[in-house]
Amino acid sequence: MLRRTAFAALMSVPAMAHSEWKGEAGAGLLTTSGNSETESFNGKFRLDWKSETWKNSFSATAINNGDEDGRSAERYTVGDKLDYHFTERDYMFGAVDWEKDLFGGFRERTAETVGYGRHLLTGPIHTLDAEIGAGWRQTEEQETGDKEREAIGRAGGKYLWKISDTSAFAQSLKVEYGNSNTFSEAVSELKMSVVGNLFASISFTARNNSNVPPETKKTDTFTAVNLSYAFGQK
């Protein structure tokens, strides 16, 4: 894990040298009591640095659900991605993604990928990016603890629609495909400004694994409602 963290930090150095940056931090919490007692927490953090040729994006999420019978979901993710633009629309990227899921079919998964991306739409109302790449993935199975390392391909895209000055819709898709398993994740999110830098968001995430251990569902879905704060340069 230390090696992965050092690699992600090294990727961030070129972008951190510039002063243009922005980020957001948000959390959602739901608790009930009485006939049933439940609690649900989800949090997220994102920080971006950008210059004329470099862009670095760091993100982290946490999900924790449970009731009087115990925990039913607990997952953490950390990702770092560095883009180098060699034309106005074309760029190369390197990405490191790590996740830990205490209730899923796979307990821990790390992917290191590099590839090519292109800005298909550049706004100001609509933006669309498409990416393709390759790399390696390390996976630990939940029940057996068996570990596997394999070469993977990666494809993805992100669409952003600025509906108005106070609202926006984003849709992202990421697919990692290898010989043993194809993992895909789709995230839909609607953001609405509340006041100043404070905004509310509702998101829906669908994650699918083509090959999972017995008695494990292939698809997980999660709906989150968050209150977030944006900071940094506009």
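None of the values given here were measured: they were computed from a predicted structure.

A. How the structure looks around the overall build of the protein. Within the protein, the secondary structure is distributed over one helix and 12 strands. In sequence order, the protein lays out its α and β elements as α-β-β-β-β-β-β-β-β-β-β-β-β. The buried share of the protein, taken over its 234 residues, is 37%. The contacts in the protein between residues at least 6 apart in sequence include a share of 49% that link residues at least 24 apart.

B. How the structure looks around the packing of aromatic side chains. Scanning the model with the defined rule gives five aromatic pairs in all. Here Trp54 and Tyr84 contribute two aromatic rings whose centre-to-centre distance is 4.9 Å and whose plane-to-plane angle is 55°, an arrangement assigned as tilted. Taken as a pair, Trp54 in strand β3 (residues 54–67) and Tyr84 in strand β4 (residues 70–85) lie far apart in primary sequence, 30 residues in all. Feature note: the residues Trp21, Phe45, Phe58 and Phe231 constitute an aromatic cluster, connected by ring pairs. One cation-aromatic arrangement involves Arg149 over Trp136; the distance from NZ or CZ to the ring centre is 4.4 Å.

C. Seen up close, the environment of Ala170. On the secondary structure map, Ala170 appears in strand β9 (residues 167–177). Distance from Ala170 to Val187, taken between C-alpha atoms, is 8.0 Å for residues 17 residues apart in sequence. Setting aside anything within four residues of it in sequence, one finds Ala170 in contact with Tyr159, Leu160, Val187, Ser188 and Glu189.

D. View of unusual backbone geometry. Each neighbour pair has its own omega, and for Gly123 with Pro124 the value is 10°, a cis peptide bond. Within the secondary structure layout, Pro124 lies in the loop between β6 (106–122) and β7 (126–141).

E. Representation of the pairing of strand β10 (residues 182–195) within the structure. Of the pairings in the sheet, the one linking β9 to β10 comprises 11 bridges and is antiparallel in character. In the sheet register, Val175 faces β10, and the bridge partner there is Ser184. Connecting β9 to the next strand, β10, in antiparallel fashion are four residues. With 12 bridges connecting them, β10 and strand β11 (residues 198–209) associate as antiparallel partners. Bridge pairing in β11 places Ala186 opposite Ala206.

F. Spotlight on the pairing of β7. By the bridge criterion, 15 bridges tie β6 to β7 in an arrangement that is antiparallel. Paired with Glu108 across the bridge in β7 is Glu140. Here β6 hands over to β7 after three residues, with Gly123 in that stretch at a positive phi of 90°. As defined by bridge partners, β7 adjoins strand β8 (residues 147–164) across 15 bridges and the pair is classed as antiparallel. Note on β8: the bridge partner recorded for Leu128 is Tyr159. Where β7 folds back onto β8 in an antiparallel hairpin, the turn is made up of five residues, including Gly145, whose phi is positive at roughly 75°.

Calculation notes
Residues numbered from 1 in each chain as written. Predicted model: local features only at pLDDT ≥ 70, side-chain atom pairs only at ≥ 80, totals over all residues. Heavy atoms only, no water. Helix = DSSP H or I, 4+ residues; strand = E, 2+ residues; numbered from the N terminus. Buried < 20%, exposed > 50% of the residue type's maximum accessible area, 1.4 Å probe, protein only. Contact = heavy atoms within 4.5 Å. Phe/Tyr/Trp six-rings, centres within 6.5 Å; stacked < 30°, edge-to-face > 60°. Lys NZ or Arg CZ within 6 Å of the ring centre and 35° of its normal. Pairing = 2+ DSSP bridges.

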